[in-house]
Amino acid sequence: MQHSIEELEELARKCRIEIVKMVYRAQAGHPGGSLSEIDLLAGLYGTTMRVRSDDPDWEDRDRFILSKGHASPGMYALLAERGFISHDDLTSYRVLGGVCQGHVDMKWCPGVDFSAGSLGMGLSFGMGCAVAAKLDGSERRAFVMLGDGEIQEGSVWEAAMAAAHHELGNLKVILDRNRIQNDDFCESQMRMFDIPAKWKAFGWNVKEIDGHNMNEVVEGMQFLSETNDGPSILIAHTVKGKGVSFMEDNPAFHGAAPNDEQYALALSELGVTV
Amino acid sequence: MAATRDGYGQALLELADNEKVVVLEADLGKSTKSLHFRKAYPERTVSCGIGEQNMLLVAAGMASSGYIPFASTFAIFTERAFEQMRNGVARPNLAVHLCGSHGGTHTGTDGSSAQSIEDLAIYRTLPNVTVMHPSDEVSTRILTKRLASSSNPSYMRTARNKTPVLYDDVSEDTIQIGKGIELKSGSDVAIIACGVLVSEALKAADMLANEGIQATVVDMHTIKPLDTTLIDNVAERCGCIVTAEDHSIIGGLGGAVAEHLSMTSSTPLERVGVKDRFGESGQSDEMLELMELSAPHIRNAVHRAINRK
Ligand SMILES: Cc1ncc(C[n+]2csc(CCOP(=O)(O)OP(=O)(O)O)c2C)c(N)n1
């Protein structure tokens, strides 16, 4: 089923509300990178991912690897909206015994294909999924979401080089280029200079989009789907904390929860009438 | 109550008078508490981005050039650079001081990917490396400062969450690398603990006192070199030993004590630790309960040890 742009935007808005609620309830977690990635997740699942919520372990499903596994509230919100888990499950975020562990975990949550939380691991894992799909003669693909801080890990570039060497057209990356990492802006922690040129030099197909413009997001997903001569990367320019004014572009909300007052403001900005 | 990671951050500031002291970060300075040093001495702080392997060897290069590097990240992410630590730091015996914060399941709701329960074990296998896991903010501060004059590399684990302050009015001399501290003396059992479980061990000792059992409690903040003199001493006096750590039952403090005792005596030993499993998301106190590490579990282990005398 194809969704209109408006429907995808509405899906993302609903997810944003759940992200804020989860982090508020837990009084911990990572809202910034969840809010920056959510339009991309909505676009990916709404137009491209071949998955079955009633059969999450379906062998020939596309794989999605949230390599920046701390941005789990975004993933959980989406999985709830798409019926992989219930909205009730979202209250288990960071709660003992809950399916919604602090970082996405394939042993705990249906629809999660990789146990993440340690940065720089997901692209290698995704490459493994892509190689296996080829060996199986399967059409399935591996999509990997990376953070921009995350690509400072050397292991990302080991995988980037290897994926191009093996001409893995079924390996697709989305880079959440929100310009902020844990302690501060990337610019002060570790400058990365020309990111698109780096991936091109590693032999990847590269496209850049505005990661909050749903038309461009959908075009980006098409680019990933249709580019099959080697690995491809969609570099999405985003705003960390997008949709909640005081979180936007604010390093303090990488890993911090809103207080009561901020929570009320965030919900009203996201169109929740109490 | 205070967090040991704050003791680390404070110590770095106090060490800054020595111009050879440098700090290396991997995008977790806010968490490990090296951020205070970075703010005050940006020119002596090297940001390595999210790149732990690079950080360790940059530190090694600086140590070989006469600097005293303190590098930190979460305990779990230091492990990514284990081989760098082994081949580039320990083997040439370069005095790089690696601090892993947020160690153990006590770290809490981040979940199993962030809860290192094997760091003490792996670093303990490296020749030349001092391995420590202090129990409170004060001892962490003092021990970190002592490291600056050590000629060996080190690994120190600190904790994310607050625990009781145990050494508020103690003279600094009592806190020395490689010397366990006897916090309580009794003759029925010796509880040897490290890190966040030292205060749990003290609670267990109080429970046991109500049952008429007098426990010795040792803060074994240094896992390597191990204070074997003190272990032999309490083994002889108490006749049985319980170890307690927020770490795998395999290879950490309990493993180190077991290795020693197996050569010197037949003293019964019970080990309290994470029983060869991974953690999960939960609050610190819930984790200590789930992993069977809290005071009542230490007390139960004491009963088992005494029964084996
Ligand atoms: C190997 C590793 N080192 C450090 C961390 C701690 N950490 C968690 S999130 C984060 C910043 C990530 O920044 P980025 O990839 O840009 O994610 P986003 O901004 O999208 O949240 C860091 C350093 C980690 N999870 N894994």
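Residues numbered from 1 in each chain as written. Chains lettered and ligands numbered in written order. Predicted model: local features only at pLDDT ≥ 70, side-chain atom pairs only at ≥ 80, totals over all residues. Heavy atoms only, no water.

Draft legend 1. Region of interest: the packing of aromatic side chains. One pass over the full model with this rule turns up twelve aromatic pairs over all chains. With centroids separated by 5.6 Å and ring planes inclined at 15°, the aromatic side chains of F74 of chain B and F77 of chain B adopt a geometry described as stacked. Judged by relative accessible area, which is 12%, F77 of chain B ranks as buried. Each residue in the set W157, W199, F202 and W204 of chain A is aromatic and connected to the rest through ring pairs, giving one cluster. Positioned above the aromatic ring of Y67 of chain B is the side chain of K20 of chain B, whose terminal nitrogen or guanidinium carbon lies 4.6 Å from the ring centre. Over the aromatic face of Y41 of chain B sits the side chain of R44 of chain B, whose NZ or CZ is 4.9 Å from the ring centroid. (Phe/Tyr/Trp six-rings, centres within 6.5 Å; stacked < 30°, edge-to-face > 60°. Buried < 20%, exposed > 50% of the residue type's maximum accessible area, 1.4 Å probe, protein only. Lys NZ or Arg CZ within 6 Å of the ring centre and 35° of its normal.)

Draft legend 2. Highlighting the site of the ligand. In the vicinity of the ligand lie 24 residues, with K68, H70, D148 and K240 of chain A together with E52 of chain B positioned nearest. One nitrogen or oxygen atom from the main chain of G117 of chain A is found 2.9 Å from a nitrogen atom belonging to the ligand. Interatomic distance of 2.9 Å between a backbone N/O atom of I180 of chain A and an oxygen atom of the ligand. Protein contacts shield 98% of the accessible area of the ligand, which totals 590 Å² for the unbound molecule. Considered class by class, the residues forming the shell around the ligand number five nonpolar, ten polar and nine charged. (Near = heavy atom within 4 Å. Polar contact = N/O pair within 3.5 Å; in protein donor to acceptor, adjacent residues only side chain to side chain. Areas by Shrake-Rupley, 256 points an atom, 1.4 Å probe, with all protein chains shown as cover. Nonpolar A, V, L, I, M, F, W, Y, C, P; charged D, E, K, R; others polar.)

Draft legend 3. Representation of helix α10 (residues 228-238) of chain B in the model. Residues and elements named next belong to chain B. Among the residues of α10, those classed as buried are L230, I231, V234, A235 and C238. Within α10, the buried residues cover an arc of 135° as seen down the axis, which keeps them to one side. Among the exposed residues of α10, those oriented more than 90 degrees off its buried face are T229 and E236. As for α10, its buried residues are in contact with β7 (181-184), β8 (189-193), β9 (215-219), β11 (241-248) and α11 (253-264). G239 occupies a position one or two residues after α10 and carries a positive phi of about 80°. (Helix = DSSP H or I, 4+ residues; strand = E, 2+ residues; numbered from the N terminus. Arc of directions from axis to C-beta. Contact = heavy atoms within 4.5 Å.)

Draft legend 4. Main features of the sheet that holds strand β4 (residues 97-101) of chain B. Residues and elements named next belong to chain B. Reading across the sheet, the seven strands line up as β2-β1-β3-β4-β6-β5-β10 and stay open at both edges, with mixed pairing between neighbours. Each edge of the open sheet is held by one strand with a lone partner, namely β2 (45-47) and β10 (222-224). Strand-to-strand, the axes of this sheet are offset by a mean angle of 20°, without reference to chain direction. Bridge count for β4 against strand β6 (residues 154-157) is four bridges, and the pairing is parallel. (Pairing = 2+ DSSP bridges. Axes fitted to C-alpha atoms, helices over the stretch in contact; angles between N-to-C directions.)

Draft legend 5. Region of interest: the environment of N307 of chain B. Residue and element names in this part refer to chain B. In this fold, N307 is placed in helix α13 (residues 295-307). Exposure remark for N307: the relative accessible area of 67% places this residue in the exposed category. Placed 39 residues apart in sequence, N307 and P268 show a C-alpha to C-alpha distance of 9.2 Å.

Draft legend 6. Just the layout of surface pockets, in detail. Approximately 440 Å³ is the volume attributed to the second largest pocket. Lining the second largest pocket are 23 residues, and of these S118 of chain A together with I76, S112, S113 and F278 of chain B sit closest to its centre. Looking at the lining of the second largest pocket, its residues break down into eight nonpolar, ten polar and five charged. (1 Å grid on protein atoms, 1.4 Å probe; cavity = no way out; pocket = protein on both sides within 12 Å on 5 of 7 lines; lining within 4 Å. Points joined across faces, edges and corners; volume = space filled by probe spheres on them.)

Draft legend 7. Quick peek at the confidence of the model for chain B. Residues and elements named next belong to chain B. With 100% of its residues at a pLDDT of 70 or more, chain B has an overall mean of 98. Mean pLDDT across the secondary structure elements of chain B bottoms out at α11, with 97, and peaks at β8, with 99. At the level of chain-chain contacts, confidence expressed as ipTM amounts to 0.96, with global pTM at 0.97. (pLDDT = per-residue confidence, 0-100.)

Draft legend 8. Looking closely at helix α4 (residues 122-136) of chain A. All names here are of chain A. With 15 residues, α4 ought to run about 21 Å at 1.5 Å a step, and its terminal C-alpha atoms sit 21 Å apart, in line with that. For α4, the set of buried residues is G122, L123, G126, M127, C129, A130 and A133. Burial along α4 is one-sided: seen end-on, the buried residues are contained in an arc of 160°. Among the exposed residues of α4, those pointing more than 90 degrees away from its buried face are L135 and D136. Buried residues belonging to α4 abut β1 (63-66), β2 (142-147), α5 (154-165), β3 (171-177) and α7 (195-201). Where α4 ends, the next residue or the one after it, G137, has phi of about 65°, a positive value. (Expected span 1.5 Å × (residues − 1).)

Draft legend 9. Structural context of the nonpolar core. Of all hydrophobic cores here, the largest spans 83 residues; its most connected members are F64, L123, L171, W199 and W204 of chain A. Sort the elements by how many residues they give to this core and helix α1 (residues 5-26) of chain A lands first, with ten residues. W199 of chain A has contacts with L123, L146, I151, V156, W157, A160, W204, V206, I233 and I235 of chain A, leaving out every residue within four places of it along the chain. A59, A63, Y155 and I192 of chain B belong to the second-largest nonpolar core, a separate cluster that totals 43 residues. (Core = buried A, V, L, I, M, F, W, Y, C linked by side-chain atoms within 4.5 Å.)

Draft legend 10. Quick look at the packing of α1 of chain A against helix α9 (residues 260-269) of chain A. Residue and element names in this part refer to chain A. Running from amino to carboxyl end, α1 crosses α9 at an angle of 170°, the nearest separation of the two axes being 10 Å. The orientation of α1 relative to α9 falls into the category roughly antiparallel. Residues I17, V20, K21 and Y24 of α1 form the contact with α9, whose participating residues are D260, Y263, A266 and L267. Taken together, the residues that form the contact of α1 with α9 break down as six nonpolar, no polar and two charged. (Parallel < 35°, antiparallel > 145°, perpendicular 65-115°, else oblique.)

Draft legend 11. View of the interface of chain B and chain A. Taken together, the contacts link 25 residues of chain B with 29 residues of chain A. In this assembly, chain B packs against chain A so that about 2,000 Å² is buried in total across both faces, 39% of it on carbon and sulfur atoms. The three residues of chain B that bury the most area against chain A are D27, I50 and R80 of chain B, which together make up 30% of that side's buried surface. Summed over the shared surface of chain B and chain A, the result is three salt bridges. Secondary structure elements with two or more residues in the side of chain B that touches chain A: α2 (29-32) and α12 (284-290) of chain B. Along the lines of polarity and charge, the residues of the side of chain B that touches chain A split into six nonpolar, ten polar and nine charged. (Buried area = accessible area lost by both parts, 1.4 Å probe. Salt bridge = Lys/Arg side-chain N within 4 Å of Asp/Glu carboxyl O.)

Draft legend 12. Quick peek at the pairing of strand β5 (residues 232-237) of chain A. Residues and elements named next belong to chain A. Of all six residues in β5, five are buried; the element is thus mostly enclosed. Across six bridges, strand β4 (residues 205-210) lies against β5 in parallel orientation. Each residue of the ladder has a partner; that of E208, found in β5, is I235. As for the winding sense of the linkage, the β-α-β connection from β4 through helix α8 (residues 214-226) to β5 is right-handed. (Right-handed = clockwise from strand over helix to strand, strands pointing away.)

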